[in-house]
2 protein chains.
Amino acid sequence: MATRARYRLYYWPTIQGRGELIRLAFEDAGARYVDVAREPGGMKAMMAFLGGHRPGLTPFAPPFVQVGRLVIAQTANILAFVAPRLGLIGDDEPSRVAAHQLQLTISDLVAEAHDTHHPIAVGLYYEDQKQEAQRRAADFVAARMPKLLGYLERVLAGNRAGKGRFLVGRAHSYVDLSAFQIMVGLEYAFPRAFKRLQPRLPLLGALRDRVAARPRIVAYLASARRIPFNEDGIFRRYPELDR
Amino acid sequence: MATRARYRLYYWPTIQGRGELIRLAFEDAGARYVDVAREPGGMKAMMAFLGGHRPGLTPFAPPFVQVGRLVIAQTANILAFVAPRLGLIGDDEPSRVAAHQLQLTISDLVAEAHDTHHPIAVGLYYEDQKQEAQRRAADFVAARMPKLLGYLERVLAGNRAGKGRFLVGRAHSYVDLSAFQIMVGLEYAFPRAFKRLQPRLPLLGALRDRVAARPRIVAYLASARRIPFNEDGIFRRYPELDR
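Just so we're clear, the structure is a prediction, and the values are computed from it rather than from any experiment.

Asks: Teacher, can you tell me more about the interface of chain A and chain B here?
Replies: Interface size is commonly expressed as the accessible surface area that is lost when the partners come together. The interface is formed by 40 residues belonging to chain A together with 40 residues belonging to chain B. In total, chain A and chain B occlude about 3500 Å² of area from one another, counting both sides; carbon and sulfur atoms represent 59% of this. Counting the contacts that link chain A with chain B gives six salt bridges. Take the side of chain A that touches chain B: its biggest share by element is 11 residues, from helix α4 (residues 93-117) of chain A. Of the residues assigned to the side of chain A that touches chain B, the class counts are 21 nonpolar, eight polar and 11 charged.

As structure tokens, this is what we get:
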């Protein structure tokens, strides 16, 4: 690259996962970033950080982002740091606190979506916890997914400044990008349950469509940089979990 | 009270839970705060917020804190907001980002500790998911608890500025208070597993003891304001989960 990257993202190179929430922010803002582990030698560089072989605070897990001399981990923490610099949230503290609050609730939803296929142990294969996964997924689909998405729908409806179009304030923010991702992710993983639920989420559905139509997002989703959903990521399509 | 409270904390009145991480910060700093739901009429006030009957962003769940006109939810978000005002983290952005990163990893640990007794559904009783709980707790105790606490032990060892005494920088912070809470919580919930693990956590053990000896924490722990651990909270002592 001719221009030096401002941000170096470290995340697993074959899945969307939590890293996708960061990628979407960088892509939407047109940021100069490198998805390090997808470059030659990148996995080794990532593992050096995780092994504590680099100065500074060792991340517990990917994703983490290097900005100058800072290394920042935890998805919502990364977004709270980069979003103001990318123009993806307002300058005022109340907006940032509200955005971060919603982002952390999205993090909780992502963790719960993950646990539908790994309810017992992250260190075991899905096949070794399939029975428990069916029970947990049944609850997720019947109770948690409607509750959490229903909450975001109400936040949209209640945000008068944004006229139901934005989760925070009167403008597009990184939280809208993350909301897009959980909508398409949950639709991928649980197409039947999602289809039943969708009529109750008109504002979230419209938000997802508006984000999907943003020019840089259109270009990103059509590019090889967008890793397709697959059954190694967080949102997995296992028909037995989507009754 | 003669002096008006600066902070109004809303959390379930009969458990430590996630709210305890906020209570510890307020208590350690000597902040003027009210634990609203433990006051007469407080539960009703809390439910009014959760029902969306108050202006501003509706919290998804307790804890949340009212500071002036702001209502802030999500434990780690609350701490990131109040800690600089309470003198519980430095003013510089790198310290705050590092503290928040560690706090979010502590949040993950708290969620995993919760899921040992609720691996299938938060809406079901423990008795209805006891079998799955035994499997999940076995993994938590054998793999996740050592991994997460071992990570924090390494962070302490690697923080040269703090000489192994503080998780962030060269001074006491709110993250140290939260580390104290997960240490005593995990020891309460899993006394056998914790006893086996403890020799490998000398720095975390010493940190817990130093926090427990801070004058305001001594006073708090001896007061009726500190709710005892019990089997409705996050850290529950079920012997069958602690083989």
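Let us keep going from here.
Asks: How do you make sense of the relation of the copies chain A and chain B when you look at a structure like this?
Replies: The relation between the two copies of this chain is a rotation about an axis and a shift parallel to it. At an RMSD of 0.0 Å, chain A and chain B line up after a rotation of 180° and a shift of 0.0 Å along the axis. Considering both components of the superposition, the chain copies are consistent with a two-fold axis. No C-alpha of chain A approaches the rotation axis more nearly than that of Pro-119 of chain A, which lies at 3.0 Å. When you check the interface residues of chain A against chain B, 100% turn up at the interface there too, and the contact is symmetric in its surfaces.

Asks: Help me understand the confidence of the model for chain A in this model?
Replies: Reading fine detail from the predicted coordinates is not recommended where pLDDT is low. A residue-level look at chain A finds 99% of positions with pLDDT of 70 or above and a mean pLDDT of 96. Scored as a complex, the prediction yields pTM 0.97 and ipTM 0.97.

Asks: Explanation requested: the nonpolar core in the structure shown.
Replies: The nonpolar side chains of a soluble globular protein tend to be buried with one another. With 68 residues, the main nonpolar core has Phe-26, Leu-149, Leu-167 and Leu-186 of chain B as its most contacted residues. Beyond its immediate chain neighbours, meaning those up to four positions away, Leu-186 of chain B contacts Leu-109, Ala-113, Phe-140, Met-145, Leu-149, Pro-191, Phe-194 and Phe-235 of chain B. Ile-72, Ala-83, Ile-89 and Phe-235 of chain A belong to the second largest nonpolar core, which has 67 residues in total.

Asks: Teacher, can you tell me more about the packing of helix α4 (residues 93-117) of chain B against helix α5 (residues 130-158) of chain B here?
Replies: For any two helices packed against each other, the geometry comes down to the angle between their axes and how far apart the axes lie. Residue and element names in this part refer to chain B. In the contact formed by α4 and α5, the axes pass within 9 Å of each other and the chain directions differ by 165°. Classed by the angle they form, the pair α4 and α5 counts as roughly antiparallel. Crossing hand, α4 versus α5: left-handed. Two secondary-structure elements touch here, α4 through Gln-101, Leu-102, Thr-105, Ile-106, Leu-109, Glu-112, Ala-113, Asp-115, Thr-116 and His-117 and α5 through Ala-133, Arg-136, Ala-137, Phe-140, Arg-144, Leu-148, Leu-149, Tyr-151, Leu-152 and Val-155. Classifying every residue of the contact of α4 with α5 by side-chain character gives 12 nonpolar, four polar and four charged.

Asks: Explanation requested: the side chain of Gln-66 of chain B in the structure shown.
Replies: Residues and elements named next belong to chain B. Among the structural elements, Gln-66 can be located in strand β3 (residues 64-67). Looking at Gln-66, its side chain comes within polar contact range of the side chain of Tyr-10, at 2.8 Å. What Gln-66 contacts, discounting residues up to four positions off in sequence, is Arg-6, Tyr-7, Arg-8, Tyr-10, Phe-49, Arg-54 and Val-71.

What counts, and where the lines are drawn
- By convention here, each chain's residues receive numbers from 1 onward along its written sequence.
- Ligands are numbered from 1 and chains lettered from A, in the order in which they are written.
- With the structure being a predicted model, the display of local features is reserved for residues of pLDDT at least 70 and the display and counting of side-chain atom pairs for 80 or more, all residues being used for whole-chain, interface and lining totals.
- Here the side-chain values reflect all heavy atoms present in the structure, with hydrogen atoms and water set aside.
- The criterion used for residue contact is that any of the two residues' heavy atoms lie within 4.5 Å.
- Buried area adds together the accessible area that both of two parts lose upon being put together, with accessible area traced by a 1.4 Å probe.
- In the sections that follow, a salt bridge refers to a side-chain nitrogen of Lys or Arg positioned within 4 Å of a carboxyl oxygen of Asp or Glu.
- Secondary structure elements follow DSSP: runs of H or I no shorter than four residues count as helices, runs of E no shorter than two count as strands, and numbering proceeds from the N terminus.
- Here the nonpolar group is Ala, Val, Leu, Ile, Met, Phe, Trp, Tyr, Cys and Pro; Asp, Glu, Lys and Arg are the charged ones; every other residue, Gly included, is treated as polar.
- Least-squares superposition of the copies uses the C-alpha atoms of those residues scoring a pLDDT of at least 70 in each of them.
- pLDDT: the predictor's confidence for each residue, scored from 0 to 100.
- We call a set of buried residues a nonpolar core when its members are Ala, Val, Leu, Ile, Met, Phe, Trp, Tyr or Cys and they connect through side-chain atoms within 4.5 Å of each other.
- Categorising residues by exposure relies on relative accessible area from a 1.4 Å probe, with only protein chains included: less than 20% of the type maximum marks a residue as buried, more than 50% marks it as exposed, and the intermediate range marks it as partly exposed.
- A fitted line through C-alpha atoms represents every axis, and for helices the fit uses only the stretch in contact; the resulting angles, taken between N-to-C directions, go from 0 to 180 degrees.
- In what follows, roughly perpendicular refers to angles from 65 to 115 degrees, roughly parallel to angles under 35, roughly antiparallel to angles over 145, and oblique to any angle outside these ranges.
- Less than a right angle of anticlockwise turn of the near helix away from the far helix marks a crossing as left-handed, whereas a clockwise turn marks it as right-handed.
- Whenever a nitrogen or oxygen atom comes within 3.5 Å of another N or O atom, the pair is scored as a polar contact, on the condition that within protein one atom can donate a hydrogen and the other can accept it, and that pairs from neighbouring residues in sequence are kept only if both atoms are in side chains.

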